[in-house]
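Coordinate analysis (summary)
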Amino acid sequence: MRPSLVVPLAAGAVFGALATIQAVSDTDLWWHLATGQQTLAHGLARTDAFAWTIAGRPVLLDQWLGDVLIALAYAAGSWHGVIALRALAVALLVTLVVGAALAERPGRPLVALLAALPAIMLSRSAYGDRPQLEGYVLFAALIWLLRAGQKGSLPALVATAPLLALWSNLHGSSALGLGLILVVLAERALRDGAFRRTAAVLAVVALLATLLTPAGFGSWASSGGHFLAPPRYIEEEGVPNLRSVPGLIFALVLALVLGTAFLGRGARRAEAALLLPVVFVSLTAARHMPFFAIAAAPYLAAEGPAALAWLARLAGISARVPDASPARSSWQVDVAAAALAALVLSVAAAAAPGDPDESFYPRGALAALPRGPGLLNAYDWGGWLIWNAPDTPVFIDGRLFPFVPDGLADYRSIVGLHSDWRAVLDRRGVRALLLRPTDAAAVRARETGWTVVASGPDFVLLARP
Amino acid sequence: MRTITAAFFASLAAAAAASAPASDPDLFWHLASGAWMLDHGRLLDQDVFSFTRTGATYQTGQWLGEVVLAFVYRQASWLGVDVLRAVLVGAAAFFVARATARVQPHIGWAAVPILATILVSRTIWGDRPQLFTLALVPAVFDLLLAVRLERRPRLLWILPPLFVLWGNLHGAFAIGLVLVTVFAIEAVLVRESALRRPLVLALAASVVASALNPAGVRALAAASAYASTSGAYIVEEGPLDVLTGPGVVFAAMLLVALGIALTLGREAIARRIGAPVLWPGLVIAFALLGLAIQRQVTFACVVMTPFLAAGIPAVLGRRPLAPVALPRAIVVAACALFALAVATVAAVAAPRAPDLAAYPADALDALATAHGNLLNEYDWGGYLIFASPSHPVFIDGRGATLFVPGVLDDFEEAVRLRPAYHDVLAKHGIALVLLRPDRPLTVALREDGWRALAERSGRWVLLARP
């Protein structure tokens, strides 16, 4: 008997509604939005049209569908539409995480909610308006399907292929999904000889599914780059810091999983196949931490109470393991709950902030920006400038990989005031700087006679003399 | 056989450690501090090396370690420092291997995790008082395992005097207290009546003993404060990157430990390794510590080593091997042979001079004839204290204990060329800078006409105010 979806849907609606409180502000949203609009208007662009440093060069196509979704949401409801898309994604993510946990302990929604809570809290950092959020949603769905597949459901394993094809067009994190599918299939094939032929077919199908994108093999390369060599100079790609709030939550999940595994009943090779690859990936970069919490939620719901009860009894505390008997479920009730959740999300999105929060960006510089190539902008402002100042192509922006290695190296030489900074300025033909006043290049340019064209507490626009 | 196994791995590690030259950036100010204490016959508790914090009171919590280092250096120069390092690294490997042999007598199964741990420990083979902690953590771990698995509570009497020593040698004695705490909690939880009271008493006595140092109980508070700092400005105190060499090894060990636990479960762990509640306590506490502060990752590997050595064959369905007892004469002979081998390696291969490639050694002549306050690179401060005592430094590796926040903030403001850099230079009367050439400040000062008194392309440059 399947578990009731009322609690997962209710949790999804609550957290989805809460996600609408935050105004649009993500530094990468803007170039995703511009790219999506470009695709809707002119079809898929395979070369760059936003940055003067890489004009005409090939760009990554690994999240074109995610960009289009954001652009469609914007076209449908302006910033309210973007927030509605975010609310829907968060609601789906929470519903899937709680649902997967509840599937392990049906009839015990509190246990499922507690097991899912770290994943919900950790994924909070990914509530920006980017395709990455949809990547988490599809990862949560994959975990549910793979767990069902490990228990013998062939349709669940077959369903991973279309999910992977969709994911590969939405966001580059699909490589993690592919890897996980292959590991889970291999584990089941090892313990079940009769499954080996099916596993081989499913593995080939999964591999092919990831190639059904305009990027082709390129979708593997970009994902591999992110997972195995994260660019550490970008904050979210930094090493997970256990002395931060998200790091503490991650540490809690890791401790709970380790404790449950050591004090559990053992014989959980299938869990190992699911958890070990994900814990490694999650340890590689701060933005990957939610993956482990999402994957761990069903395991903690399934095994955590028994391990905790055993430990409590050891300490002389009377403890009973909550049973796992399924609660009664009904399609009618679930559909009604889904409709109610949709209503809650719609109301929340309508009441959400109607304007983006641009306090982080140099709005005061827009009117004074030079037209055409020649502006060197702060990395974090590139996407915002693409959207807000289309007549002034950027030097660099959050798409990062098209700028590696030359563009990024030159950017760092100038902004970090390396010994060749003047030579790079000349070689690139930079005629204006839009930086933070505390950047070394901004300080030095001011001292050496560059003209301050516009300035504010957090930005300065300088023109070359 | 257990002792021979331990001596074998100890000799391997010691030989490797003896062959490396001294080069740690903090070694030099530790040596200078120890030498000052030997010369003056009292503790160094006021800054005498920098011009930015002259006279400020501070304690590094490792006075005895510094005195030992300086004494060894005075007696045997750099070779003495190399040998001290080899002895302490060898001791660490010895106790890791002996602890492992308590649960896995088969040297083949034990070898991989032991070697992995030795490999990871290379990150803290720098010649500093932390080498004493490197040796003492495995020593205490081995002792506690003997107490727990072989029910030998009498061994616990060693802990209080050990913690008196440790509390004066190096500030990270708190890691040892964490170890004792985990064992005591486990004994209380599983109601191990023969061990519960002795372990709790040993913990209390160890806490008291560790306070018998010049800082008293404040040394414990300092350890807690250290654990809660962000590690934002000192790389080795920052979070662990699992995509680096030591990080990959640690991550592999952690994943294998989790895999073993998922596969075996508590009952099989109890049968094959023993103390099923102890291992999660150790692995969780030390893995999180290692992930949070990368310099502590070695200790996470230390506590995981026996578990992996015994757990991997259990997962693969191999039968446990009974320990082999050898005559004492054979054990002594084998250990003597290993010691001789290490001594030979030390005599032949140990460098007689430090590796100064990372330091501006060639700038010293020019610096000796230059006058004025010097703004130096953070990592070079200790070396300058040791090699150019006539020029007090701006900042050095005593960072958190002496220079945070004021001087470090000024340093960052200046070298990163932030808007108030001129004010910092004026405030401290800077007339000389000795920095890396790619620092924004170096570039700006060169453009402003500061003279290069000496430089090595791509490494360092010494500039003087025009």
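Predicted, not measured: the structure shown is a model, and the values here were computed from it. (Residues numbered from 1 in each chain as written. Chains lettered and ligands numbered in written order. Predicted model: local features only at pLDDT ≥ 70, side-chain atom pairs only at ≥ 80, totals over all residues.)

**Description of the overall build of chain A**
- Within chain A one finds 17 helices and four strands.
- Its C-alpha atoms give chain A a radius of gyration of 24 Å, within 12% of the compact-globule value 23 Å for 465 residues.
- For chain A, buried positions account for 52% of its 465 residues. (Helix = DSSP H or I, 4+ residues; strand = E, 2+ residues; numbered from the N terminus. Rg over C-alpha atoms; globule rule 2.2 N^0.38 Å. Buried ≥ 20, exposed ≤ 12 C-beta atoms within 10 Å, placed from the backbone.)

**Examining the nonpolar core**
Residues and elements named next belong to chain A.
- Formed by 322 residues in total, the largest nonpolar core has its most connected members in Val97 and Ala297.
- For this core, the leading source of residues is helix α3 (residues 64-104), giving 25 residues.
- If we skip the residues at most four places from it in the chain, Val97 touches Ala116, Ala119, Ile120, Ala140, Ile294 and Ala297. (Core = buried A, V, L, I, M, F, W, Y, C linked by C-beta atoms within 7 Å. Contact = placed C-beta atoms within 7 Å.)

**Overview of the interface of chain B and chain A**
- Tallying the contact residues gives 40 residues for chain B and 37 residues for chain A.
- For the side of chain B that touches chain A, the secondary-structure elements that each account for two or more residues are α10 (245-272), α11 (278-292) and α19 (440-447) of chain B.
- For the side of chain B that touches chain A, the element with the highest residue contribution is α10 of chain B, accounting for 13 residues.
- Partitioned by chemical class, the residues of the side of chain B that touches chain A number 29 nonpolar, five polar and six charged. (Nonpolar A, V, L, I, M, F, W, Y, C, P; charged D, E, K, R; others polar.)

**Focus: the domain arrangement of chain B**
Residue and element names in this part refer to chain B.
- For chain B, the assigned domains are domain 1 (2-344) and domain 2 (361-464).
- Inter-centroid distance (C-alpha atoms) of domain 1 to domain 2 is 36 Å.
- Each side of the interface is counted separately: domain 1 has 20 residues, and domain 2 has 22 residues.
- Each residue belonging to the side of domain 1 that touches domain 2 can be placed in one class, and the counts come to 12 nonpolar, five polar and three charged. (Domains from an automatic or database assignment.)

**Quick notes on the domain arrangement of chain A**
Residues and elements named next belong to chain A.
- When cut into domains, chain A gives domain 1 (6-350) and domain 2 (363-463).
- The C-alpha centroid of domain 2 is placed 36 Å from the C-alpha centroid of domain 1.
- Each side of the interface is counted separately: domain 1 has 19 residues, and domain 2 has 18 residues.
- Top contributing element to the side of domain 1 that touches domain 2 by residue count: helix α2 (residues 29-42), with five residues.
- For the side of domain 1 that touches domain 2, the per-class residue count stands at 12 nonpolar, four polar and three charged.

**Focus: the pairing of strand β3 (residues 451-456) of chain A**
Residue and element names in this part refer to chain A.
- In this structure, β3 lies alongside strand β4 (residues 459-463), joined through five bridges in antiparallel fashion. Bridging across to β4, Ser455 finds its partner in Val460.
- Between β3 and β4, which pair antiparallel one after the other, the connecting turn spans two residues. (Pairing = 2+ DSSP bridges.)

**Some words on the sheet that holds β4 of chain A**
Residues and elements named next belong to chain A.
- Judged by pairing direction, the sheet is mixed, and its four strands sit side by side in the order β1-β2-β4-β3 without closing on themselves. A strand with exactly one partner marks an edge of an open sheet, and here the two such strands are β1 (375-377) and β3. Taking the axes of each pair of neighbouring strands and ignoring which way they run, one obtains an average angle of 10° across the sheet.
- Here strand β2 (residues 432-435) runs beside β4; their pairing, made up of four bridges, is antiparallel. Its bridge partner lying in β4, Leu433 is registered against Leu462. (Axes fitted to C-alpha atoms, helices over the stretch in contact; angles between N-to-C directions.)

**Brief notes about the sheet that holds strand β3 (residues 451-456) of chain B**
Residues and elements named next belong to chain B.
- In space, the four strands of this open sheet follow the order β1-β2-β4-β3, with mixed pairing throughout. The sheet terminates laterally at β1 (373-376) and β3, the two strands that pair on one side only. Neighbouring strand axes in the sheet, compared pairwise and without regard to direction, differ in orientation by 15° on average.
- Here strand β2 (residues 430-435) pairs with strand β4 (residues 460-464) via four bridges, running antiparallel. Residue Leu435 lies in a different strand from β4, and its bridge partner there is Val461.
- Running over the sheet, α19 touches β2 and β4 and is turned about 130° from β2.

**Re the packing of helix α3 (residues 63-101) of chain B against helix α5 (residues 130-149) of chain B**
All names here are of chain B.
- Look at α3 against α5: their axes get within 8 Å of each other, and the N-to-C directions meet at 30°. Considering their axes alone, α3 and α5 lie roughly parallel with respect to each other. α5 is crossed by α3, and the crossing has left-handed handedness. Counted together, Gly65, Arg85, Leu88, Val89, Ala91, Ala92, Phe95, Val96, Arg98 and Ala99 of α3 and Leu131, Phe132, Leu134, Ala135, Pro138, Ala139, Phe141, Asp142 and Leu145 of α5 form the full contact between these two elements.
- Tallied by class, residues from the contact of α3 with α5 come to 15 nonpolar, one polar and three charged. (Parallel < 35°, antiparallel > 145°, perpendicular 65-115°, else oblique. Left-handed = near helix turned anticlockwise from the far one by under 90°.)

**Some points on the packing of α3 of chain A against helix α5 (residues 131-150) of chain A**
Residue and element names in this part refer to chain A.
- Closest axis-to-axis distance for the α3/α5 pair is 8 Å, and the angle between their directions is 30°. Taken together, the axis directions place α3 and α5 in an arrangement best described as roughly parallel. Classified by chirality, the crossing of α5 by α3 is left-handed. In contact with Gly66, Asp67, Arg86, Ala89, Leu92, Leu93, Leu96, Val97, Gly99, Ala100 and Ala103 of α3, α5 contributes Pro131, Leu133, Glu134, Tyr136, Val137, Ala140, Ala141, Ile143, Trp144 and Arg147.

**Comments concerning α3 of chain B**
Residue and element names in this part refer to chain B.
- Over its 39 residues, α3 extends only 34 Å from the first C-alpha to the last, a length that falls short of the 57 Å expected when each residue adds 1.5 Å.
- A bend of about 130° at Ala76 is the largest found in α3.
- For α3, a buried count of 29 out of 39 residues is recorded, marking the element as mostly surrounded by other parts of the structure. (Expected span 1.5 Å × (residues − 1). Bend = angle between axes of the 7 residues up to and from the residue.)

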